[in-house]
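Geometric and topological summary
Residues per chain, in single letters:
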Amino acid sequence: MMIKKMILLVLAVLFLASCSQQPVELLDFIGNQDDFVIKYNGHVLKMYQDSDPEDVVIVFPDNNSPQSDALLTRIKDIENKYDLVIERTNKGSDDTIEHYIRAIGSNATDVELLFRDNGKSTWFWAEAGVCIPFTEFPDIIDLSDTDKYGTPGVLEAAMIDGKPITVQPGYWPGYQSFECFYMVYNQDMAGALGLTDLHEYYENETWTWDTMLKYFDDAIIGITNEDQILFTAHSGYILNTMLYSNGFDYVDIVDGEPVFNLFADSCLNTLEFFKELDSRYGDKVDIGTTRWDIDKFVDERTLTAMAIAQDVVTGQIAYDIDFAYGLMPFPCGPDGTYGEWAQSVTRASGFNIPVTVDDPDMVARVVSEFCEPFEEFGGDKQGLIDYYSTAILPSEIDGEIYFAVEGGTRYDYDDVGIISLFQGIALDLRNASPMEVLQSSYNKIYDRYVEYIEPNLTGYILEHMDID
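First things first, this report covers the structure right here in the doc. Just so it is clear, the model here is predicted, and its values are computed rather than measured.

Bringing the sheet that holds strand β4 (residues 84-89) into the picture now. In sheet architecture, strand pairing relies on hydrogen bonds along the backbone and comes in two forms, parallel and antiparallel. If you trace the four strands from one edge of the open sheet to the other, you get β4-β3-β5-β16, paired in mixed fashion. The sheet terminates laterally at β4 and β16 (350-352), the two strands that pair on one side only. Within this sheet the neighbouring strands show an average axis-to-axis angle of 25°, counted without direction.

Spelled out as C-alpha coordinates, the structure:
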(Lines give C-alpha, C1' and ligand atoms only; values in the text may rest on other atoms or scores of the structure.)
Protein backbone atom coordinates (compact mmCIF):
# COMPACT_ATOMS: atom_id res chain seq x y z
CA MET A 1 0.00 0.00 0.00
CA MET A 2 2.86 2.40 0.85
CA ILE A 3 4.51 1.70 -2.51
CA LYS A 4 1.23 2.43 -4.28
CA LYS A 5 0.83 5.73 -2.44
CA MET A 6 4.40 6.68 -3.31
CA ILE A 7 3.84 5.95 -6.99
CA LEU A 8 0.59 7.96 -7.07
CA LEU A 9 2.22 10.86 -5.28
CA VAL A 10 5.19 10.96 -7.64
CA LEU A 11 2.86 10.82 -10.65
CA ALA A 12 0.82 13.71 -9.24
CA VAL A 13 3.91 15.83 -8.75
CA LEU A 14 5.18 15.04 -12.24
CA PHE A 15 1.79 16.04 -13.63
CA LEU A 16 2.01 19.30 -11.71
CA ALA A 17 5.46 19.91 -13.11
CA SER A 18 4.30 19.27 -16.67
CA CYS A 19 1.42 21.72 -16.29
CA SER A 20 3.48 24.50 -14.76
CA GLN A 21 5.27 27.04 -16.91
CA GLN A 22 8.03 27.08 -14.29
CA PRO A 23 10.61 24.23 -14.46
CA VAL A 24 10.35 22.05 -11.35
CA GLU A 25 11.99 18.95 -10.03
CA LEU A 26 11.31 16.59 -7.13
CA LEU A 27 14.07 16.09 -4.57
CA ASP A 28 14.59 14.08 -1.40
CA PHE A 29 11.39 12.04 -1.48
CA ILE A 30 11.61 9.35 1.19
CA GLY A 31 8.12 7.90 1.37
CA ASN A 32 5.98 10.50 3.16
CA GLN A 33 3.92 13.10 1.31
CA ASP A 34 5.33 15.83 3.57
CA ASP A 35 8.91 14.86 2.72
CA PHE A 36 9.19 16.30 -0.77
CA VAL A 37 9.71 19.86 -1.92
CA ILE A 38 8.98 21.25 -5.36
CA LYS A 39 12.05 23.01 -6.71
CA TYR A 40 11.96 25.91 -9.18
CA ASN A 41 15.43 25.67 -10.72
CA GLY A 42 16.68 29.16 -9.90
CA HIS A 43 13.50 30.97 -10.95
CA VAL A 44 13.69 34.72 -10.18
CA LEU A 45 10.54 35.78 -8.34
CA LYS A 46 10.17 39.53 -8.54
CA MET A 47 8.48 41.01 -5.49
CA TYR A 48 7.25 44.58 -5.21
CA GLN A 49 7.45 46.38 -1.84
CA ASP A 50 6.50 49.95 -0.99
CA SER A 51 9.87 50.99 0.41
CA ASP A 52 13.30 51.03 -1.22
CA PRO A 53 14.87 47.56 -0.72
CA GLU A 54 18.23 49.26 -0.11
CA ASP A 55 16.78 50.86 3.01
CA VAL A 56 14.03 48.51 4.22
CA VAL A 57 13.57 44.74 4.32
CA ILE A 58 9.99 44.59 2.97
CA VAL A 59 8.37 46.36 5.91
CA PHE A 60 10.56 46.83 8.98
CA PRO A 61 11.64 50.45 9.28
CA ASP A 62 15.26 49.91 10.25
CA ASN A 63 17.79 47.74 8.45
CA ASN A 64 20.14 45.90 10.81
CA SER A 65 17.37 45.55 13.40
CA PRO A 66 16.46 42.15 14.89
CA GLN A 67 13.27 42.13 12.82
CA SER A 68 14.94 42.97 9.51
CA ASP A 69 17.77 40.50 10.16
CA ALA A 70 15.24 37.73 10.85
CA LEU A 71 13.35 38.58 7.66
CA LEU A 72 16.54 38.51 5.58
CA THR A 73 17.25 35.06 7.00
CA ARG A 74 13.68 34.02 6.14
CA ILE A 75 14.17 35.17 2.54
CA LYS A 76 17.35 33.09 2.26
CA ASP A 77 15.60 30.06 3.76
CA ILE A 78 12.76 30.33 1.24
CA GLU A 79 15.21 30.70 -1.64
CA ASN A 80 17.13 27.63 -0.52
CA LYS A 81 14.02 25.54 0.11
CA TYR A 82 12.47 26.15 -3.30
CA ASP A 83 15.61 26.86 -5.34
CA LEU A 84 14.51 30.31 -6.44
CA VAL A 85 15.68 33.90 -6.07
CA ILE A 86 13.45 36.57 -4.50
CA GLU A 87 14.24 39.90 -6.14
CA ARG A 88 12.69 42.76 -4.19
CA THR A 89 11.89 45.88 -6.20
CA ASN A 90 10.50 49.36 -5.76
CA LYS A 91 10.29 51.66 -8.74
CA GLY A 92 9.72 54.91 -6.92
CA SER A 93 7.09 57.55 -7.52
CA ASP A 94 5.23 55.62 -10.21
CA ASP A 95 4.47 52.73 -7.84
CA THR A 96 0.94 53.86 -7.08
CA ILE A 97 -2.12 51.70 -6.67
CA GLU A 98 -3.45 53.07 -9.95
CA HIS A 99 -0.19 52.24 -11.72
CA TYR A 100 -0.31 48.60 -10.68
CA ILE A 101 -4.02 48.28 -11.43
CA ARG A 102 -3.28 49.42 -14.98
CA ALA A 103 -0.11 47.34 -15.31
CA ILE A 104 -1.62 44.12 -13.98
CA GLY A 105 -4.83 44.67 -15.91
CA SER A 106 -2.88 44.95 -19.15
CA ASN A 107 -0.45 42.15 -18.25
CA ALA A 108 2.36 44.70 -18.41
CA THR A 109 4.24 43.79 -15.25
CA ASP A 110 6.50 40.90 -14.41
CA VAL A 111 5.98 41.32 -10.67
CA GLU A 112 4.72 38.06 -9.14
CA LEU A 113 4.26 39.08 -5.51
CA LEU A 114 3.17 42.34 -3.95
CA PHE A 115 3.53 43.60 -0.39
CA ARG A 116 1.69 46.79 0.51
CA ASP A 117 2.61 48.56 3.71
CA ASN A 118 2.68 52.32 3.28
CA GLY A 119 -0.97 53.08 4.03
CA LYS A 120 -2.39 52.91 0.51
CA SER A 121 -5.28 50.54 0.74
CA THR A 122 -5.26 47.21 -1.06
CA TRP A 123 -9.05 47.36 -1.10
CA PHE A 124 -8.87 49.11 -4.48
CA TRP A 125 -6.93 46.16 -5.86
CA ALA A 126 -9.73 43.92 -4.63
CA GLU A 127 -12.31 46.09 -6.37
CA ALA A 128 -10.29 46.14 -9.60
CA GLY A 129 -9.96 42.34 -9.62
CA VAL A 130 -6.23 42.42 -10.28
CA CYS A 131 -5.21 40.01 -7.49
CA ILE A 132 -6.03 36.36 -6.90
CA PRO A 133 -8.21 35.64 -3.83
CA PHE A 134 -6.39 33.55 -1.26
CA THR A 135 -9.43 31.29 -1.07
CA GLU A 136 -8.08 29.82 -4.34
CA PHE A 137 -5.27 28.06 -2.45
CA PRO A 138 -6.98 25.91 0.21
CA ASP A 139 -4.22 23.27 0.12
CA ILE A 140 -1.48 25.87 0.60
CA ILE A 141 -3.03 28.79 2.51
CA ASP A 142 -5.26 27.76 5.42
CA LEU A 143 -7.14 30.97 6.19
CA SER A 144 -8.58 29.41 9.34
CA ASP A 145 -5.09 29.89 10.80
CA THR A 146 -5.86 33.47 11.76
CA ASP A 147 -2.71 33.85 13.84
CA LYS A 148 -0.65 33.24 10.72
CA TYR A 149 -2.68 35.00 8.01
CA GLY A 150 -4.88 37.55 9.79
CA THR A 151 -8.35 37.49 11.29
CA PRO A 152 -11.53 37.63 9.15
CA GLY A 153 -12.16 41.24 10.19
CA VAL A 154 -8.69 42.24 9.02
CA LEU A 155 -8.98 40.31 5.75
CA GLU A 156 -12.32 42.05 5.21
CA ALA A 157 -10.36 45.24 4.55
CA ALA A 158 -9.11 43.76 1.26
CA MET A 159 -12.17 41.82 0.24
CA ILE A 160 -14.82 42.07 -2.47
CA ASP A 161 -17.78 39.67 -2.67
CA GLY A 162 -16.31 37.66 0.20
CA LYS A 163 -13.00 37.04 -1.59
CA PRO A 164 -9.92 38.14 0.41
CA ILE A 165 -7.00 39.18 -1.79
CA THR A 166 -4.56 39.95 1.05
CA VAL A 167 -3.08 37.93 3.88
CA GLN A 168 -1.47 39.81 6.74
CA PRO A 169 1.59 38.10 8.28
CA GLY A 170 0.42 37.84 11.87
CA TYR A 171 3.64 36.36 13.24
CA TRP A 172 5.74 39.31 12.09
CA PRO A 173 6.52 41.52 15.09
CA GLY A 174 4.30 44.59 15.03
CA TYR A 175 2.02 43.19 12.37
CA GLN A 176 -0.90 41.15 13.70
CA SER A 177 -3.08 44.16 14.52
CA PHE A 178 -1.11 46.68 12.49
CA GLU A 179 -4.06 48.81 11.33
CA CYS A 180 -6.38 48.36 14.36
CA PHE A 181 -7.41 51.15 16.70
CA TYR A 182 -6.62 51.32 20.42
CA MET A 183 -6.85 53.80 23.26
CA VAL A 184 -3.56 54.99 24.71
CA TYR A 185 -3.24 56.78 28.03
CA ASN A 186 -0.54 58.74 29.80
CA GLN A 187 0.19 56.83 33.01
CA ASP A 188 2.34 59.60 34.47
CA MET A 189 -0.39 62.19 33.97
CA ALA A 190 -3.02 59.82 35.36
CA GLY A 191 -0.88 59.19 38.44
CA ALA A 192 -0.38 62.90 39.04
CA LEU A 193 -4.18 63.35 38.87
CA GLY A 194 -4.71 60.57 41.42
CA LEU A 195 -6.62 58.40 38.94
CA THR A 196 -6.99 54.64 38.96
CA ASP A 197 -4.68 53.04 36.41
CA LEU A 198 -6.82 52.03 33.44
CA HIS A 199 -5.22 48.58 33.36
CA GLU A 200 -7.00 47.85 36.64
CA TYR A 201 -10.38 48.23 34.93
CA TYR A 202 -9.25 45.82 32.22
CA GLU A 203 -8.06 43.28 34.76
CA ASN A 204 -11.20 43.66 36.91
CA GLU A 205 -13.43 43.29 33.82
CA THR A 206 -15.16 46.64 34.42
CA TRP A 207 -13.92 48.56 31.36
CA THR A 208 -17.20 49.90 29.98
CA TRP A 209 -18.53 53.14 28.55
CA ASP A 210 -19.86 54.17 31.96
CA THR A 211 -16.48 53.48 33.54
CA MET A 212 -14.76 55.66 30.95
CA LEU A 213 -17.16 58.56 31.62
CA LYS A 214 -16.61 58.23 35.38
CA TYR A 215 -12.85 58.21 34.75
CA PHE A 216 -13.12 61.42 32.71
CA ASP A 217 -15.38 62.96 35.37
CA ASP A 218 -12.66 62.37 37.96
CA ALA A 219 -9.87 63.49 35.66
CA ILE A 220 -11.37 66.81 34.56
CA ILE A 221 -11.40 68.08 38.13
CA GLY A 222 -7.61 68.00 38.26
CA ILE A 223 -6.79 69.20 34.74
CA THR A 224 -6.19 72.89 35.30
CA ASN A 225 -3.74 73.46 32.46
CA GLU A 226 -5.80 75.00 29.68
CA ASP A 227 -3.60 73.32 27.08
CA GLN A 228 -4.33 69.81 28.36
CA ILE A 229 -7.42 67.79 27.48
CA LEU A 230 -9.02 64.43 28.33
CA PHE A 231 -9.32 62.71 24.99
CA THR A 232 -8.68 63.20 21.28
CA ALA A 233 -9.98 61.21 18.31
CA HIS A 234 -11.13 61.48 14.70
CA SER A 235 -14.92 61.74 14.60
CA GLY A 236 -15.56 59.18 11.85
CA TYR A 237 -13.15 56.54 13.13
CA ILE A 238 -14.17 56.88 16.78
CA LEU A 239 -17.87 56.67 15.91
CA ASN A 240 -17.23 53.51 13.89
CA THR A 241 -15.20 52.03 16.76
CA MET A 242 -17.98 52.90 19.21
CA LEU A 243 -20.54 51.14 17.02
CA TYR A 244 -18.52 47.93 16.86
CA SER A 245 -17.74 48.07 20.60
CA ASN A 246 -21.48 48.23 21.24
CA GLY A 247 -22.30 45.16 19.17
CA PHE A 248 -23.48 46.91 15.98
CA ASP A 249 -22.98 44.83 12.81
CA TYR A 250 -25.32 46.58 10.34
CA VAL A 251 -27.54 43.49 10.39
CA ASP A 252 -29.77 41.25 12.44
CA ILE A 253 -29.55 37.55 11.65
CA VAL A 254 -33.03 36.24 10.84
CA ASP A 255 -33.38 32.54 9.97
CA GLY A 256 -29.66 32.46 9.27
CA GLU A 257 -29.76 35.41 6.87
CA PRO A 258 -28.53 38.98 7.41
CA VAL A 259 -31.21 41.68 7.46
CA PHE A 260 -30.04 45.30 7.34
CA ASN A 261 -30.99 47.18 10.50
CA LEU A 262 -29.52 50.66 10.82
CA PHE A 263 -32.08 51.50 13.51
CA ALA A 264 -30.97 48.75 15.90
CA ASP A 265 -30.78 49.73 19.57
CA SER A 266 -27.02 49.16 19.41
CA CYS A 267 -26.76 51.91 16.80
CA LEU A 268 -29.15 54.40 18.39
CA ASN A 269 -27.57 53.93 21.82
CA THR A 270 -24.12 54.45 20.33
CA LEU A 271 -25.13 57.74 18.78
CA GLU A 272 -26.59 58.89 22.12
CA PHE A 273 -23.30 58.01 23.82
CA PHE A 274 -21.33 59.87 21.17
CA LYS A 275 -23.45 62.99 21.79
CA GLU A 276 -22.80 62.64 25.52
CA LEU A 277 -19.04 62.28 25.14
CA ASP A 278 -18.85 65.08 22.58
CA SER A 279 -20.77 67.59 24.71
CA ARG A 280 -20.20 66.62 28.35
CA TYR A 281 -16.65 67.93 28.72
CA GLY A 282 -16.67 70.95 26.44
CA ASP A 283 -13.34 71.66 24.78
CA LYS A 284 -11.59 69.09 27.01
CA VAL A 285 -12.61 66.42 24.51
CA ASP A 286 -11.33 66.97 20.99
CA ILE A 287 -13.31 64.90 18.47
CA GLY A 288 -12.30 66.47 15.19
CA THR A 289 -12.69 65.79 11.50
CA THR A 290 -9.01 65.49 10.73
CA ARG A 291 -6.69 62.56 11.42
CA TRP A 292 -6.43 61.55 15.10
CA ASP A 293 -3.91 63.92 16.65
CA ILE A 294 -1.13 61.73 18.04
CA ASP A 295 1.02 64.85 18.46
CA LYS A 296 -1.22 65.90 21.35
CA PHE A 297 -0.51 62.61 23.10
CA VAL A 298 3.20 62.62 22.38
CA ASP A 299 3.47 66.21 23.65
CA GLU A 300 1.54 65.35 26.85
CA ARG A 301 -1.36 67.60 25.95
CA THR A 302 -4.01 64.89 26.33
CA LEU A 303 -4.62 62.23 28.95
CA THR A 304 -5.95 59.68 26.44
CA ALA A 305 -6.17 59.32 22.68
CA MET A 306 -7.25 56.96 19.95
CA ALA A 307 -4.21 55.57 18.15
CA ILE A 308 -3.68 53.15 15.33
CA ALA A 309 -1.46 50.17 16.11
CA GLN A 310 1.37 51.28 13.84
CA ASP A 311 1.59 54.53 15.87
CA VAL A 312 2.24 52.32 18.90
CA VAL A 313 4.69 49.77 17.53
CA THR A 314 6.54 51.57 14.73
CA GLY A 315 5.52 55.23 14.96
CA GLN A 316 5.58 58.25 17.22
CA ILE A 317 4.43 56.52 20.38
CA ALA A 318 7.09 53.85 19.98
CA TYR A 319 9.96 56.31 19.51
CA ASP A 320 9.02 59.86 20.49
CA ILE A 321 7.68 59.79 24.07
CA ASP A 322 9.58 59.99 27.35
CA PHE A 323 6.74 59.23 29.77
CA ALA A 324 5.02 56.03 30.89
CA TYR A 325 1.99 55.06 28.84
CA GLY A 326 -0.44 52.19 28.61
CA LEU A 327 -2.57 50.54 25.94
CA MET A 328 -6.31 49.82 26.23
CA PRO A 329 -9.10 48.61 23.98
CA PHE A 330 -11.97 51.02 23.50
CA PRO A 331 -14.44 50.13 26.28
CA CYS A 332 -17.44 47.87 25.81
CA GLY A 333 -20.88 49.41 25.32
CA PRO A 334 -24.09 48.18 27.02
CA ASP A 335 -25.22 46.27 23.93
CA GLY A 336 -21.82 44.75 23.21
CA THR A 337 -20.29 41.48 24.35
CA TYR A 338 -17.85 42.15 27.15
CA GLY A 339 -14.38 40.79 26.45
CA GLU A 340 -14.88 40.63 22.67
CA TRP A 341 -13.18 44.02 22.29
CA ALA A 342 -14.69 44.67 18.88
CA GLN A 343 -12.69 47.55 17.42
CA SER A 344 -12.31 48.90 13.91
CA VAL A 345 -9.49 48.33 11.43
CA THR A 346 -8.95 50.78 8.63
CA ARG A 347 -7.05 48.68 6.06
CA ALA A 348 -5.18 45.43 5.51
CA SER A 349 -1.47 45.44 4.76
CA GLY A 350 0.27 42.34 3.52
CA PHE A 351 0.86 39.99 0.60
CA ASN A 352 -1.02 40.01 -2.71
CA ILE A 353 -0.67 37.78 -5.78
CA PRO A 354 -1.37 39.43 -9.17
CA VAL A 355 -3.67 37.65 -11.60
CA THR A 356 -0.90 37.79 -14.21
CA VAL A 357 1.45 35.27 -12.57
CA ASP A 358 2.22 32.08 -14.49
CA ASP A 359 2.40 29.81 -11.44
CA PRO A 360 0.13 31.10 -8.65
CA ASP A 361 0.72 28.00 -6.51
CA MET A 362 4.45 28.71 -6.46
CA VAL A 363 3.83 32.24 -5.20
CA ALA A 364 1.30 31.02 -2.63
CA ARG A 365 3.90 28.59 -1.26
CA VAL A 366 6.34 31.48 -0.88
CA VAL A 367 3.67 33.53 0.93
CA SER A 368 2.97 30.63 3.26
CA GLU A 369 6.66 30.37 4.13
CA PHE A 370 6.92 34.12 4.68
CA CYS A 371 4.06 33.97 7.19
CA GLU A 372 5.52 31.20 9.33
CA PRO A 373 6.39 32.07 12.97
CA PHE A 374 9.88 33.34 13.75
CA GLU A 375 11.88 31.39 16.31
CA GLU A 376 13.67 34.65 17.05
CA PHE A 377 10.39 36.10 18.36
CA GLY A 378 8.97 33.24 20.35
CA GLY A 379 8.12 30.67 17.69
CA ASP A 380 4.37 30.69 18.37
CA LYS A 381 1.53 33.01 19.39
CA GLN A 382 2.29 33.07 23.11
CA GLY A 383 5.96 33.54 22.38
CA LEU A 384 5.12 36.52 20.20
CA ILE A 385 2.93 38.02 22.92
CA ASP A 386 5.83 37.60 25.35
CA TYR A 387 8.14 39.30 22.85
CA TYR A 388 5.76 42.27 22.46
CA SER A 389 5.47 42.57 26.23
CA THR A 390 9.23 42.95 26.73
CA ALA A 391 10.64 44.38 23.49
CA ILE A 392 7.91 46.52 21.94
CA LEU A 393 5.22 47.45 24.48
CA PRO A 394 5.62 48.74 28.04
CA SER A 395 4.33 45.71 29.95
CA GLU A 396 2.88 42.21 29.90
CA ILE A 397 -0.68 43.47 30.13
CA ASP A 398 -0.10 45.80 27.17
CA GLY A 399 1.05 42.79 25.15
CA GLU A 400 -2.08 40.90 26.16
CA ILE A 401 -4.32 43.83 25.19
CA TYR A 402 -2.56 44.34 21.87
CA PHE A 403 -3.60 40.85 20.81
CA ALA A 404 -6.95 40.78 22.62
CA VAL A 405 -8.64 43.08 20.11
CA GLU A 406 -7.83 41.08 16.98
CA GLY A 407 -10.64 38.51 17.10
CA GLY A 408 -13.50 41.00 17.17
CA THR A 409 -11.99 43.61 14.88
CA ARG A 410 -14.00 44.60 11.79
CA TYR A 411 -13.18 46.66 8.72
CA ASP A 412 -14.54 50.20 8.87
CA TYR A 413 -15.27 50.43 5.09
CA ASP A 414 -13.42 53.71 4.90
CA ASP A 415 -12.55 53.03 1.25
CA VAL A 416 -16.22 53.06 0.19
CA GLY A 417 -17.10 56.23 2.09
CA ILE A 418 -18.52 54.92 5.38
CA ILE A 419 -16.08 56.92 7.52
CA SER A 420 -16.91 60.10 5.59
CA LEU A 421 -20.59 59.45 6.21
CA PHE A 422 -19.91 58.90 9.90
CA GLN A 423 -18.01 62.19 10.02
CA GLY A 424 -21.15 63.89 8.75
CA ILE A 425 -23.29 62.01 11.27
CA ALA A 426 -20.97 63.08 14.10
CA LEU A 427 -21.31 66.72 13.06
CA ASP A 428 -25.09 66.49 12.63
CA LEU A 429 -25.53 64.93 16.07
CA ARG A 430 -24.62 68.25 17.63
CA ASN A 431 -27.93 69.66 16.38
CA ALA A 432 -30.22 66.67 15.84
CA SER A 433 -31.37 63.45 17.48
CA PRO A 434 -29.84 60.06 16.59
CA MET A 435 -33.05 58.98 14.85
CA GLU A 436 -33.17 62.16 12.76
CA VAL A 437 -29.56 61.78 11.75
CA LEU A 438 -29.94 58.12 10.80
CA GLN A 439 -33.04 58.82 8.77
CA SER A 440 -31.23 61.48 6.76
CA SER A 441 -28.23 59.19 6.15
CA TYR A 442 -30.13 55.94 5.63
CA ASN A 443 -30.11 55.72 1.84
CA LYS A 444 -26.40 56.46 1.45
CA ILE A 445 -25.42 53.89 4.09
CA TYR A 446 -27.85 51.31 2.73
CA ASP A 447 -26.48 51.68 -0.80
CA ARG A 448 -22.96 50.95 0.44
CA TYR A 449 -24.23 48.06 2.54
CA VAL A 450 -25.89 46.42 -0.47
CA GLU A 451 -22.93 46.92 -2.80
CA TYR A 452 -20.04 46.16 -0.48
CA ILE A 453 -20.86 45.03 3.07
CA GLU A 454 -23.57 42.42 2.49
CA PRO A 455 -21.59 40.47 -0.17
CA ASN A 456 -18.67 40.18 2.26
CA LEU A 457 -20.95 39.15 5.09
CA THR A 458 -22.68 36.41 3.11
CA GLY A 459 -19.59 35.39 1.14
CA TYR A 460 -17.12 35.08 4.01
CA ILE A 461 -17.59 36.95 7.29
CA LEU A 462 -20.71 35.21 8.62
CA GLU A 463 -19.08 31.84 8.06
CA HIS A 464 -15.89 32.80 9.89
CA MET A 465 -17.03 35.23 12.61
CA ASP A 466 -19.68 35.04 15.31
CA ILE A 467 -22.19 37.75 14.37
CA ASP A 468 -25.60 37.73 16.05
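Glancing now at the packing of aromatic side chains. The relation between two aromatic rings is expressed through the spacing of the ring centres and the mutual angle of the planes. If you walk through the whole model with that rule in mind, you get 33 aromatic pairs. With centroids separated by 5.6 Å and ring planes inclined at 85°, the aromatic side chains of W172 and F351 adopt a geometry described as edge-to-face. Of this pair, W172 sits in the loop between β7 (163-164) and β8 (181-186) while F351 is found in strand β16, placing the two residues 179 residues apart along the sequence. The class for F351 is buried, based on a relative accessible area of 0%. Plain terms: the ring middles of F216 and Y281 are 5.9 Å apart, the flat faces sit at 85° to each other, and that makes the pair edge-to-face. Taken together, the residues F216 in helix α9 (residues 209-222) and Y281 in the loop between α11 (265-280) and β12 (285-288) connect sequence positions 65 residues apart. There is no split in this pair, since F216 and Y281 are both buried.

Attention now moves to the environment of T346. Locating T346 in the fold gives a position in the loop between β15 (344-345) and β16. When the C-alpha atoms of T346 and T409 are compared, they prove to be 10.0 Å apart, with 63 residues separating the residues in sequence. Apart from the residues within four sequence positions on either side, T346 is in contact with E179, F181, Y237, I308, Y411, D412, D414 and D415. Polar contacts involving the side chain of T346 include one to the side chain of D412, which spans 3.3 Å.

This paragraph deals with the nonpolar core. Grouped together as the largest cluster of nonpolar side chains are 151 residues, with contacts concentrated most on Y250 and F370. When residues in this core are grouped by element, the largest group, nine residues, is from helix α19 (residues 434-464). Dropping the residues within four chain positions of it, Y250 is found in contact with N240, Y244, V259, F260, N261, I418, F422, I445, Y449 and I453.

With that settled, the discussion passes to the environment of D322. Tracing the backbone through its elements, the reader meets D322 in the loop between α14 (316-319) and β14 (325-328). Look at D322 and you get exposed, because its relative accessible area is 70%. Taking the C-alpha atoms as reference, D322 lies 9.5 Å from D299; in sequence the two are 23 residues apart.

Turning our attention to the pairing of strand β3 (residues 43-49). In terms of burial, β3 is largely enclosed, as six of its seven residues are buried. Relative to β4, β3 is paired through six bridges, and the arrangement is parallel. Directly across from K46, in β4, lies its bridge partner E87. For β3 and strand β5 (residues 113-116), the ladder comprises three bridges, and the chain directions are parallel. Looking at the pairing, M47 lines up with L113 of β5.

Bringing α9 into the picture now. Taking 1.5 Å per residue, 14 residues should reach 20 Å; α9 reaches 21 Å between its end C-alpha atoms and fits that length. Here α9 has its buried residues at W209, T211, M212, L213, Y215, F216 and A219.

The two faces of a sheet get side chains in turn, since along a regular strand they alternate between them. Residues L113 and F115 point to one face of β5 and L114 and R116 to the other, with burial holding for every one of them. Looking at chain direction, β5 and β16 are connected through three bridges and run antiparallel. When the sheet's bridge partners are listed, R116 is paired in β16 with G350.

This part takes up unusual backbone geometry. Positive phi, normally seen in glycine, also occurs at N41, with a value near 50°. Here N41 is to be found in the loop between β2 (37-39) and β3. Looking at N41, the relative accessible area reads 35%, which means it is partly exposed. Located in the positive-phi region is W341, a residue other than glycine, with phi close to 50°. Within the secondary structure, W341 sits in the loop between β14 and β15. Given a relative accessible area of 6%, W341 falls into the buried group.

Analysis parameters
Residues numbered from 1 in each chain as written. Predicted model: local features only at pLDDT ≥ 70, side-chain atom pairs only at ≥ 80, totals over all residues. Heavy atoms only, no water. Pairing = 2+ DSSP bridges. Helix = DSSP H or I, 4+ residues; strand = E, 2+ residues; numbered from the N terminus. Axes fitted to C-alpha atoms, helices over the stretch in contact; angles between N-to-C directions. Phe/Tyr/Trp six-rings, centres within 6.5 Å; stacked < 30°, edge-to-face > 60°. Buried < 20%, exposed > 50% of the residue type's maximum accessible area, 1.4 Å probe, protein only. Contact = heavy atoms within 4.5 Å. Polar contact = N/O pair within 3.5 Å; in protein donor to acceptor, adjacent residues only side chain to side chain. Core = buried A, V, L, I, M, F, W, Y, C linked by side-chain atoms within 4.5 Å. Expected span 1.5 Å × (residues − 1).

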